[in-house]
Amino acid sequence: MDWQQTTALGIVALTAGLFLFSRRRRNRQAGLPCGSHCGCSPANKANVPTVIYHARKGERPEIIVKMK
């Protein structure tokens, strides 16, 4: 093997290792509850407004804000 082939195989192995590491890390974080500051939901969900944007071709766009 020359140095180019060794370098190419090293890059491929490093990339595969990074993909496996990110997949393992993502699966480990999937088991966390939403209240663990992971950013998936706000802590106080009662005061968060919902914004609905409704628009159709040729009509005026409509924005509705619903307070919960």
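Below is a short write-up of the structure.

About the thresholds
Residues numbered from 1 in each chain as written. Predicted model: local features only at pLDDT ≥ 70, side-chain atom pairs only at ≥ 80, totals over all residues. Heavy atoms only, no water. Helix = DSSP H or I, 4+ residues; strand = E, 2+ residues; numbered from the N terminus. Buried < 20%, exposed > 50% of the residue type's maximum accessible area, 1.4 Å probe, protein only. Areas by Shrake-Rupley, 256 points an atom, 1.4 Å probe, with all protein chains shown as cover. Patch = residues over 30% accessible without salt bridge, like charges linked within 9 Å, V, L, I, M, F, W, Y side chains within 5 Å. Salt bridge = Lys/Arg side-chain N within 4 Å of Asp/Glu carboxyl O.

Moving on to the overall build of the protein chain. Counting secondary structure elements, the protein chain contains one helix and two strands. Each helix and strand of the protein chain, ordered N terminal to C terminal, gives the series α-β-β. In the protein chain, which comprises 68 residues, the proportion classed as buried is 0%. Accessible surface for the protein chain amounts to roughly 6,700 Å². Of this, 60% is attributable to carbon and sulfur atoms.

Turning to a nonpolar patch on the surface, a few remarks are in order. The grouping of Val 51, Tyr 53, Ile 63, Val 65 and Met 67 at the surface amounts to a nonpolar patch, some 590 Å² of accessible area in total. For the nonpolar patch, the secondary-structure elements that each account for two or more residues are strand S1 (50-54) and strand S2 (62-66). A relative accessible area of 63% means that Met 67 is categorised as exposed.

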